[in-house]
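Each chain, letter by letter, is given below.
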Amino acid sequence: YSKENWNLLTNSIKTITTGLNIRTSFFITMFITLIFLEIFNAIQCGFFGMILGHKKNNSKLGYSVLFGFVIYLLVQTLVLALIFVYGLFDSSIMELFKTSTTTIDVKAFKVLAIAASVLYFLVIFIMSILCKKELNKGVNIE
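Bear in mind the structure is a predicted one, so any value in this text is a computation, not a measurement.

Draft legend 1. Main features of the overall build of the protein. In terms of regular secondary structure, the protein is built from five helices and zero strands. Each helix (α) and strand (β) of the protein, taken in turn from the N terminus, gives the series α-α-α-α-α. Compactness check: the protein gives a C-alpha radius of gyration of 19 Å against a globular reference of 14 Å for 142 residues, more than 25% above the reference. Taking the principal axes of the C-alpha coordinates as reference, the protein spans close to 55 × 45 × 25 Å. In the protein, which comprises 142 residues, the share counted as buried stands at 27%.

Structure, rendered in structure tokens:
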């Protein structure tokens with residue numbers, strides 16, 4: 001939390017936004033939004049795993065961790081697959097899957113950030129409904 005670290009952070013953000021030719025406010029907003037949604041999704045996967053794991057008779061903790069991890073991997077795979085499907089219709093997104101170059105198309109970055117945010121909101125909403133449904137069936141907490 002020093003002045004030098006703050007200057008390094010602001011200079012890095014300015015370099016990225018200048019290189020991508022996007023507004024700094026958009027970049028910071030999308031970055032914070034995506035980080036929040038990722039963390040929220042991971043926590044929700046953990047809760048869903050706990051709900052499913054505690055429905056088992058033995059090794060509830062082990063099953064909770066296993067189910068949470070598997071659900072997290074499935075959700076991440078689903079989001080990546082849906083972005084890939086979107087890339088079939090948008091060539092700028094598909095280029096992100098095809099090439100390993102360090103240059104990023106500005107349009108692709110904006111579309112990818114917005115699409116990922118929408119997908120995470122959708123996944124979180126659907127998983128919330130599934131968690132409530134499973135909780136209403138009852139969970140053995142003994």
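Additional details are given in the paragraphs that follow.
Draft legend 2. Molecular detail of the environment of Ile104. Along the chain, Ile104 turns up in the loop between helix 4 (91-98) and helix 5 (106-137). The partly exposed category is assigned to Ile104, whose relative accessible area is 43%. Taking the C-alpha atoms as reference points, Ile104 and Phe26, 78 residues apart in sequence, are found 16 Å from one another. With near-sequence residues (within four places) excluded, Ile104 lies in contact with Leu20, Leu96 and Phe109.

Draft legend 3. View of helix 1 (residues 3-20). Taking 1.5 Å of rise per residue, the 18 residues of helix 1 would be expected to cover 26 Å, and the 26 Å separating its terminal C-alpha atoms lies within 8% of that figure. For helix 1, the set of buried residues is Ile13, Thr17 and Leu20. The arc that holds every buried residue of helix 1, seen down its axis, measures 70°, which confines them to one face. Facing away from the buried side of helix 1 by more than 90 degrees, the exposed set consists of Lys3, Glu4, Leu8, Lys14, Thr15, Thr18 and Gly19. Of the surrounding elements, those touching the buried residues of helix 1 are helix 2 (24-53) and helix 5.

Draft legend 4. Quick look at the packing of helix 2 against helix 3 (residues 60-89). At a closest axis distance of 7 Å, the pairing of helix 2 and helix 3 adopts a crossing angle of 140°. What the angle tells us is that helix 2 and helix 3 run oblique. Seen from above, helix 2 lies across helix 3 with right-handed handedness. Across the interface between the two elements, Glu38, Asn41, Ala42, Cys45, Phe48, Gly49, Met50, Leu52 and Gly53 of helix 2 pack against Lys60, Tyr63, Ser64, Phe67, Gly68, Ile71, Tyr72, Val75 and Gln76 of helix 3. Taken together, the residues of the contact of helix 2 with helix 3 sort by class into 10 nonpolar, six polar and two charged.

Draft legend 5. Representation of the state of the cysteines within the structure. Under the defined criterion, the tally for this structure stands at zero disulfides. Here Cys45 is not disulfide-linked; the sulfur of Cys131 is the nearest cysteine sulfur, at 8.4 Å. Judged by its relative accessible area of 8%, Cys131 is buried.

Draft legend 6. Molecular detail of the pattern of salt bridges. One pass over the full model with this rule turns up two salt bridges. The structure contains a network of salt bridges with shared partners spanning Lys55, Glu134 and Lys137.

Draft legend 7. A look at a nonpolar patch on the surface. Taken together, the side chains of Ile28, Phe31, Ile32, Ile35, Ile39, Ile43, Phe47 and Met50 define a hydrophobic patch exposed on the protein surface, amounting to about 750 Å² of accessible area. Here Ile39 lies in helix 2. Taking the relative accessible area as the measure of exposure, Ile39 reaches 48% and is therefore partly exposed.

Parameters and conventions
Residues numbered from 1 in each chain as written. Predicted model: local features only at pLDDT ≥ 70, side-chain atom pairs only at ≥ 80, totals over all residues. Heavy atoms only, no water. Helix = DSSP H or I, 4+ residues; strand = E, 2+ residues; numbered from the N terminus. Rg over C-alpha atoms; globule rule 2.2 N^0.38 Å. Buried < 20%, exposed > 50% of the residue type's maximum accessible area, 1.4 Å probe, protein only. Contact = heavy atoms within 4.5 Å. Expected span 1.5 Å × (residues − 1). Arc of directions from axis to C-beta. Axes fitted to C-alpha atoms, helices over the stretch in contact; angles between N-to-C directions. Parallel < 35°, antiparallel > 145°, perpendicular 65-115°, else oblique. Left-handed = near helix turned anticlockwise from the far one by under 90°. Nonpolar A, V, L, I, M, F, W, Y, C, P; charged D, E, K, R; others polar. Disulfide = S-S within 2.5 Å. Salt bridge = Lys/Arg side-chain N within 4 Å of Asp/Glu carboxyl O. Patch = residues over 30% accessible without salt bridge, like charges linked within 9 Å, V, L, I, M, F, W, Y side chains within 5 Å. Areas by Shrake-Rupley, 256 points an atom, 1.4 Å probe, with all protein chains shown as cover.

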